[in-house]
Amino acid sequence: MRRVLAAALFLTVGCSSVPAQPAQPATQKTANPSDQTATIAWGPCTDIKRPDGVPPARKDATVRCGKLAVPLDYSKPDGEQLDLALIKLTATGPGKRLGSLVFNFGGPGGSGVDTLDQAGKALAALRNRYDLISFDPRGVERSSGVRCGGGKEMDTFTALDTLPPDEETHRKTEEANKQFAALCQQDSGKVLPYVGTVNAARDMDLIRAAVGDDKLNYVGMSYGTQLGGVYATLFPKNVGRMVLDAPLDPTVTFEQRTLAQTRGFQQAYESFLRSCVKSGSCEVGRDLDTANANVAKLLNQLTSQPLQVDNRMLTQGLASTGVAAALYSEMTWPFLEQALGAALKGQGEGLMFLSDTYTGRSPDGSYSTQMTSFPAITCVDTAERPDIATLRRTEAAAMKISPLFGSEGSGGLCRVWPVKGSDEARHIDATGSAPIVVIGGKGDPATPYEWAPKLTAQLKTGTLVTYEGEGHGAYLSGSKCVQQLVNSYLIDGKLPQKGATCPAA
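Conventions and cut-offs
- Residues numbered from 1 in each chain as written.
- Predicted model: local features only at pLDDT ≥ 70, side-chain atom pairs only at ≥ 80, totals over all residues.
- Heavy atoms only, no water.
- Helix = DSSP H or I, 4+ residues; strand = E, 2+ residues; numbered from the N terminus.
- Rg over C-alpha atoms; globule rule 2.2 N^0.38 Å.
- Buried < 20%, exposed > 50% of the residue type's maximum accessible area, 1.4 Å probe, protein only.
- Polar contact = N/O pair within 3.5 Å; in protein donor to acceptor, adjacent residues only side chain to side chain.
- Core = buried A, V, L, I, M, F, W, Y, C linked by side-chain atoms within 4.5 Å.
- Contact = heavy atoms within 4.5 Å.
- Expected span 1.5 Å × (residues − 1).
- Pairing = 2+ DSSP bridges.
- Axes fitted to C-alpha atoms, helices over the stretch in contact; angles between N-to-C directions.
- Parallel < 35°, antiparallel > 145°, perpendicular 65-115°, else oblique.
- Left-handed = near helix turned anticlockwise from the far one by under 90°.
- Phe/Tyr/Trp six-rings, centres within 6.5 Å; stacked < 30°, edge-to-face > 60°.
- Lys NZ or Arg CZ within 6 Å of the ring centre and 35° of its normal.
- Salt bridge = Lys/Arg side-chain N within 4 Å of Asp/Glu carboxyl O.
- Disulfide = S-S within 2.5 Å.

### Digging into the overall build of the protein chain
And then number 1: Helix and strand counts for the protein chain come out as 16 helices and 13 strands.
And then number 2: Relative to the compact-globule value of 23 Å for 505 residues, the protein chain shows a C-alpha radius of gyration of 21 Å, a close match.
And then number 3: Seen through its C-alpha atoms, the protein chain measures out along the principal axes to roughly 60 × 50 × 45 Å.
And then number 4: Within the protein chain, the proportion of its 505 residues that are buried is 61%.

Structure follows, in structure tokens:
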């Protein structure tokens, strides 16, 4: 899930990733994609950064980077090429190597190169048997990442307020959307028509062939579940062991998605507040009503009196983004409490930090492509272009669910997007594929549980696992139950029992 214009694109699907700079790995161009025999020349990773922007102190020779050339336009396979950036964590043993396991950690717009580097320790059990591979999908970071202006323009765009939901706010939002879309066309117009999920799925099949695997073993999280579903639809016979965690239902409309995710984030926010006040020392308020009123008052005040944070201003839009960012995982709830408590005292550094982590803003003021790749991929993946009446109806319904998270959703930006979209990525049917494990979380704010059984049914070959805990995504939540089920399938081929359920971590 990604949030742009504070809430205008807030209700979307994604997963956290970190800022990055252009990659400089070794390369080897693939020939005509139809032969699917190209190999990747792996070399040292030269540009991976940690979330704070500091490079790792020690180079790991088992972590390798590379590039694979793929067609920009698959209808012209011998035409212009686009270089995909990849990363590989080589298998450590001691068991027999099972091949490669490809990851997409979410977005759309998240850098798989950066995220896999960070997640390596958490995936140690899988790395014993697999080479772990991820990539920056087309239009993301090193893979011809979509850019829409520079840091100054992005600062203005992400700081835009969404409260109050009146005509002046609507006018500013629509004007900002048009300016943003124009910048995207100006800076990245050549790749915009080709960054959709269908092409990314075709890219994954070339990656499968390039690493020498007959089948694609794959873990997709959040948006990565749609990418996996599209891959299984296009290449059902090439599916190996596939796990889709925190699933998206690609059939939902912008309006349906916005309302479902508004409910999800409101429920997660209420769970956070209940946990906070239960401790007896909540910095946000002594009881649920007081805490909720304090946060609402803070955000409303920020629309007219933003807080100074160094040489920037913490606006309502940035503060709301910061709150949402911390609701992805229970592990960040304590930091959210501290950040809100400090903001109530006039200190906005904590919320600004959370917002910057979410939007991909580095301390030097530069941005990753998280917030620009997201709309580029989202708007190409649907032919839907909602009219003003639909946007206003969506916003009004969302505000009734949650004044904090209610918005018009991402339809407003797609309405003015400079290239047409297609609904091909919204149709999922993996008939003929190997079994696919789907994991849905009951307390997931970004991909509500209701989407999990829907995607499972669309796949035709899916097996649903229910996780009873909070947070976006189950496998990396700390749940030993989920980890055991997933690892047993990916390593031993043992499919979870029908109706399998895991308790909260």
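### A short note on the environment of Gln-186
And then number 1: Inspection of the secondary structure puts Gln-186 in helix H4 (residues 167-188).
And then number 2: Separated by 39 residues in sequence, Gln-186 and Arg-147 place their C-alpha atoms 9.0 Å apart.
And then number 3: Side-chain polar atoms of Gln-186 contact the side chain of Asp-187, separated by 3.3 Å.

### Examining the nonpolar core
And then number 1: Leu-68, Trp-417 and Ile-436 are the most contacted members of the largest nonpolar core, which has 62 residues in total.
And then number 2: With 7 residues, helix H5 (residues 197-210) is the single largest residue contributor to this core.
And then number 3: Excluding its chain neighbours within four sequence positions, the residues that come into contact with Trp-417 are Phe-180, Ala-181, Cys-184, Leu-192, Pro-375, Ala-376, Cys-379 and Arg-385.
And then number 4: Of all hydrophobic cores here, the second largest spans 38 residues; its members include Ala-291, Val-323, Ala-339 and Ala-446.

### Here's the deal with helix H10 (residues 333-344)
And then number 1: For H10, which comprises 12 residues, the first-to-last C-alpha distance of 16 Å matches the rise-based estimate of 16 Å (1.5 Å per residue) to within 8%.
And then number 2: Inspection of H10 places Trp-333, Leu-336, Glu-337, Ala-339, Leu-340, Gly-341, Ala-342 and Ala-343 among the buried residues, and these make up the whole buried set.
And then number 3: Buried residues along H10 sit in contact with helix H7 (254-278), helix H8 (288-302), strand E9 (307-309), helix H9 (316-326), helix H11 (349-359) and strand E12 (462-470).
And then number 4: Downstream of H10 by one or two residues, Gly-346 has phi in the positive range, about 95°.

### Observations regarding the pairing of strand E8 (residues 239-245)
And then number 1: Across the 7 residues of E8, 6 count as buried, placing the element largely inside the fold.
And then number 2: Where strand E7 (residues 216-221) and E8 come together, 5 bridges link them in parallel fashion. Looking at E8, one finds that Met-221 is bridged to Asp-245.
And then number 3: Sheet topology note: the E8/strand E11 (residues 436-443) ladder contains 4 bridges and is parallel. Bridge assignment links Val-243 to a residue of E11, and that residue is Val-437.

### Thoughts on the packing of helix H3 (residues 151-158) against H4
And then number 1: Taken N-terminus to C-terminus, the directions of H3 and H4 make an angle of 150°; their axes are 11 Å apart at the nearest point. Taken together, the axes of H3 and H4 are roughly antiparallel relative to one another. Note on packing geometry: the crossing formed by H3 with H4 is left-handed. Every residue of H4 that contacts H3 at Glu-153, Met-154 and Phe-157 is listed here: Ala-176, Asn-177, Phe-180 and Leu-183.

### Regarding the packing of aromatic side chains
And then number 1: Taken as a whole, this structure holds 9 aromatic pairs when the rule is applied.
And then number 2: Measuring from ring centre to ring centre gives 4.1 Å for Phe-157 and Phe-180, while their planes differ by 10°; the resulting arrangement is stacked. Within this pair, whereas Phe-157 is found in helix H3, its partner Phe-180 is found in helix H4, the two being separated by 23 residues in sequence. Here the two residues Phe-157 and Phe-180 agree in accessibility, since each one is buried.
And then number 3: Arranged with centres 5.8 Å apart and planes meeting at 50°, the rings of Phe-265 and Phe-405 form a pair that is tilted. In this pair, Phe-265 is assigned in helix H7 and Phe-405 in the loop between helix H13 (388-401) and helix H14 (411-415), connecting sequence segments 140 residues apart.
And then number 4: In this structure Phe-265 comes out as buried when scored by relative accessible area, which is 0%.
And then number 5: Taking the relative accessible area as the measure of exposure, Phe-405 reaches 0% and is therefore buried.
And then number 6: Every member of this aromatic cluster is reached through a ring pair, and the members are Phe-265, Tyr-269, Tyr-328, Tyr-358 and Phe-405.
And then number 7: The aromatic ring of Tyr-449 is capped on one face by Lys-442, whose charged end is 5.2 Å from the ring centroid.

### Description of the pattern of salt bridges
And then number 1: Counted by the stated rule, this structure contains 21 salt bridges.
And then number 2: With a closest N to O distance of 2.7 Å, Asp-356 and Arg-312 form a salt bridge. Of this pair, Asp-356 sits in helix H11 while Arg-312 sits in strand E10 (residues 312-314), and the two are 44 residues apart along the sequence.
And then number 3: The class of Asp-356 is buried, set by a relative accessible area of 12%.
And then number 4: Residue classification places Arg-312 among the buried residues on the basis of a relative accessible area of 16%.

### Observations concerning unusual backbone geometry
And then number 1: Along the chain, Gly-93 connects to Pro-94 via a cis peptide bond; the corresponding omega equals 10°.
And then number 2: Assignment of secondary structure puts Pro-94 in the loop between strand E4 (81-89) and strand E5 (99-104).
And then number 3: A cis amide bond, omega -10°, links Leu-163 with the succeeding residue Pro-164.
And then number 4: Take Pro-164: it is sitting in the loop between H3 and H4.
And then number 5: Not every positive phi belongs to a glycine, and Asp-310 is a case in point at roughly 55°.

### Re the state of the cysteines
And then number 1: In the structure shown here, the tally under the stated rule is 5 disulfides.
And then number 2: Between the sulfur of Cys-148 and that of Cys-184 lies a disulfide, 2.0 Å long from S to S. The sign of the S-S torsion, about 105°, decides the handedness of the disulfide formed by Cys-148 and Cys-184: right-handed. Separated by 36 residues along the polypeptide, Cys-148 in the loop between strand E6 (130-136) and H3 and Cys-184 in helix H4 bring together distant segments of the chain.
And then number 3: Residue Cys-184 is classed as buried on the basis of its relative accessible area, which comes to 0%.
And then number 4: The connectivity of the disulfide-linked cysteines in the protein chain, indexed sequentially, is 1-2, 3-4, 5-6, 7-8, 9-10.

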